[in-house]
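# An overview of the molecular structure
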Amino acid sequence: MSDVEVLSARDVPLGGPRAMTVRRTLPQRARTLIGAWCFVDHYGPDDVAVSGGMDVAPHPHIGLQTVSWLFSGEIEHRDSMGSHAMVRPGELNLMTGGHGISHTEVSTPSTTILHGVQLWVALPGRHRDTGRDFRHHVPAPVRVGGADIRVFLGSLAGDTSPVPTFTPLLGAEILLDPGATTTLETDAGFEHGLLVDQGAVRMAGTSLHAADLGYLGTGHDTLTLTNETNSRARLVLLGGAPFEERIVMWWNFIGRSQEDIARARSDWMSGTRFGEVKGYDGDPLPAPELPSVPLKPRGRVR
Ligand code: MN
């Protein structure tokens with residue numbers, strides 16, 4: 001039996017008037033977290049002339065960080081701490097929600113093809129009420145055994161991201177040459193997830209196809225990847241120390257209890273706590289109604 005668990009994507013419309021569809025691989029029934037990574041949305045390549053692109057109105061977050069990583073296109077980010085940034089391919093944009101932030105994401109008029117991932121990191125209990133923050137980092141690619149690697153968080157292949165994290169974490173884009181095999185040194189205390197954007201890749205002996213997320217548990221100090229195609233493969237490798245806390249995820253919030261979520265929802269609807277996004281032409285997104293059944297805390301699957 002292989003050590004790798006294959007998590008398949010489901011299509012999810014992002015909502016709003018110009019609904020873009022994304023492929024979601026995390027969370028899902030079989031798995032809530034990989035390290036502190038708790039949300040993996042993968043989209044494109046989307047012709048924005050057809051899809052309408054991305055236009056996400058002001059919305060709030062608590063208890064998490066968002067990572068935007070593009071392969072193609074450009075997204076304009078604005079948030080309630082006053083950040084105004086362009087998200088471009090190969091550049092990390094990490095926003096810390098903490099106690100509460102609001103933001104907008106809009107693909108720019110110059111974008112023709114939109115293609116990338118949106119990832120969330122759960123904050124550990126003692127930091128989940130931390131202040132708002134926004135970090136930008138452009139990793140230089142590292143060339144290792146048939147692979148070009150961009151390390152945006154944590155350490156891999158001799159490179160370390162300068163952007164601090166609240167739990168031990170890894171995030172990297174890997175471009176793997178046609179037919180190439182590469183073996184990477186990994187932290188045996190980490191669990192890992194490999195998202196395949198382009199190509200067909202063997203991860204520790206298990207074949208993954210485009211849009212799959214392969215999961216490998218702790219206890220491995222190397223990870224071998226083989227590109228089974230004769231064109232370049234594009235991958236996103238995520239890793240982290242197992243996140244042992246149980247979390248409640250609802251809409252754009254991560255808390256520990258129903259009360260955390262209900263309070264965040266009412267604070268958003270009453271216009272407090274999250275601050276204001278300036279420069280966006282449109283109304284904030286209203287929160288959906290809370291479900292009538294209690295929200296269930298979810299945690300690690302062993
Ligand atoms: Mn968001």
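Located above this text is the structure these notes cover.
## Some remarks on the overall build of the protein chain
Across its full length, the protein chain carries 2 helices and 26 strands. For the protein chain, the spread of C-alpha atoms along the three principal axes comes to 55 × 45 × 35 Å. Buried positions account for 55% of the 302 residues belonging to the protein chain. For the protein chain, the exposed area adds up to about 12,600 Å²; of that, 50% sits on carbon and sulfur atoms. One way to put it: in the protein chain the 27 positive side-chain charges average out to a point 5 Å from where the 34 negative ones average out.

## Some thoughts on the sheet that holds strand 1 (residues 5-7)
Taken together, 7 strands build an open sheet; the order of strands is 1-22-19-24-17-14-13 and the sheet is antiparallel. The sheet terminates laterally at strand 1 and strand 13 (142-144), the two strands that pair on one side only. With strand direction ignored, the average angle separating the axes of adjacent strands in the sheet is 25°. By the bridge criterion, 4 bridges tie strand 19 (residues 191-198) to strand 22 (residues 213-216) in an arrangement that is antiparallel. In the strand pairing of strand 22, Gly-193 is matched with Tyr-215.

## Things to note about empty space enclosed by the protein
The gaps of empty space that remain are located by a probe, the size of a water molecule, rolled over the atoms. Counted according to the given criterion, the structure contains 1 cavity of 30 Å³ or more. Around the largest cavity sit Thr-66, Ser-68, Ile-75, His-77, Val-87, Asn-93, Met-95, His-103, Glu-105 and Phe-134, which together line it. Elements supplying a minimum of two residues to the lining of the largest cavity: strand 6 (64-72), strand 7 (75-79), strand 9 (92-96) and strand 10 (101-107). Tallied by class, the residues present in the lining of the largest cavity amount to 4 nonpolar, 5 polar and 1 charged.

## Some points on the pattern of salt bridges
All told, the structure shown has 15 salt bridges when counted by the stated rule. Ionic pairing is found between Arg-88 and Glu-74, a salt bridge with its closest N-O pair at 2.7 Å. Linking Arg-88 in the loop between strand 8 (84-87) and strand 9 with Glu-74 in the loop between strand 6 and strand 7, this pair joins segments that are 14 residues apart in sequence. Residue classification places Glu-74 among the buried residues on the basis of a relative accessible area of 13%. In this structure, the salt-bridge partner of Asp-177 is Arg-143, at a minimum N-O distance of 2.6 Å. Highlighted residues: Asp-177 in the loop between strand 17 (169-176) and strand 18 (181-185) and Arg-143 in strand 13, separated in sequence by 34 residues. Via salt bridges that share partners, Arg-143, Asp-148 and Asp-177 belong to a single interconnected network.

## Let's talk about the pairing of strand 6
With 8 of 9 residues buried, strand 6 lies mostly within the body of the structure. For strand 6 and strand 11 (residues 113-122), the ladder comprises 8 bridges, and the chain directions are antiparallel. Its bridge partner lying in strand 11, Trp-69 is registered against Val-117. Pairing geometry for strand 6 and strand 9, over 4 bridges, is antiparallel. Looking at the pairing, Val-67 lines up with Leu-94 of strand 9.

## Remarks on helix 2 (residues 258-269)
For helix 2, which comprises 12 residues, the first-to-last C-alpha distance of 17 Å matches the rise-based estimate of 16 Å (1.5 Å per residue) to within 8%. Considered for burial, the residues of helix 2 that qualify are Asp-260, Ile-261, Ala-264, Arg-265, Asp-267 and Trp-268. All buried residues of helix 2 lie within an arc of 165° about the axis, which places them on one face of the element. Buried residues in helix 2 make contact with strand 5 (55-61), strand 10, strand 25 (248-250) and strand 26 (253-255). Downstream of helix 2 by one or two residues, Gly-271 has phi in the positive range, about 75°.

## Quick word on the coordination of the manganese ion
For the manganese ion, the full set of protein donor atoms is His-59 (NE2), His-61 (NE2) and His-103 (NE2), at a range of 2.1 to 2.2 Å. Spacing between the donor residues of the manganese ion along the chain follows H-x1-H-x41-H. A residue pair is termed long-range when its members are at least 10 positions apart, and His-59 in strand 5 and His-103 in strand 10 qualify at 44 residues. Residue classification places His-59 among the buried positions, given a relative accessible area of 5%.

Scoring rules and cut-offs
Residues numbered from 1 in each chain as written. Predicted model: local features only at pLDDT ≥ 70, side-chain atom pairs only at ≥ 80, totals over all residues. Heavy atoms only, no water. Helix = DSSP H or I, 4+ residues; strand = E, 2+ residues; numbered from the N terminus. Buried < 20%, exposed > 50% of the residue type's maximum accessible area, 1.4 Å probe, protein only. Areas by Shrake-Rupley, 256 points an atom, 1.4 Å probe, with all protein chains shown as cover. Lys, Arg positive; Asp, Glu negative; His and termini not counted. Charge placed at Lys NZ, Arg CZ, Asp CG, Glu CD. Pairing = 2+ DSSP bridges. Axes fitted to C-alpha atoms, helices over the stretch in contact; angles between N-to-C directions. 1 Å grid on protein atoms, 1.4 Å probe; cavity = no way out; pocket = protein on both sides within 12 Å on 5 of 7 lines; lining within 4 Å. Points joined across faces, edges and corners; volume = space filled by probe spheres on them. Nonpolar A, V, L, I, M, F, W, Y, C, P; charged D, E, K, R; others polar. Salt bridge = Lys/Arg side-chain N within 4 Å of Asp/Glu carboxyl O. Expected span 1.5 Å × (residues − 1). Arc of directions from axis to C-beta. Contact = heavy atoms within 4.5 Å. Donors = N, O, S within 2.8 Å, 3.2 Å for Na, K, Ca; no water.

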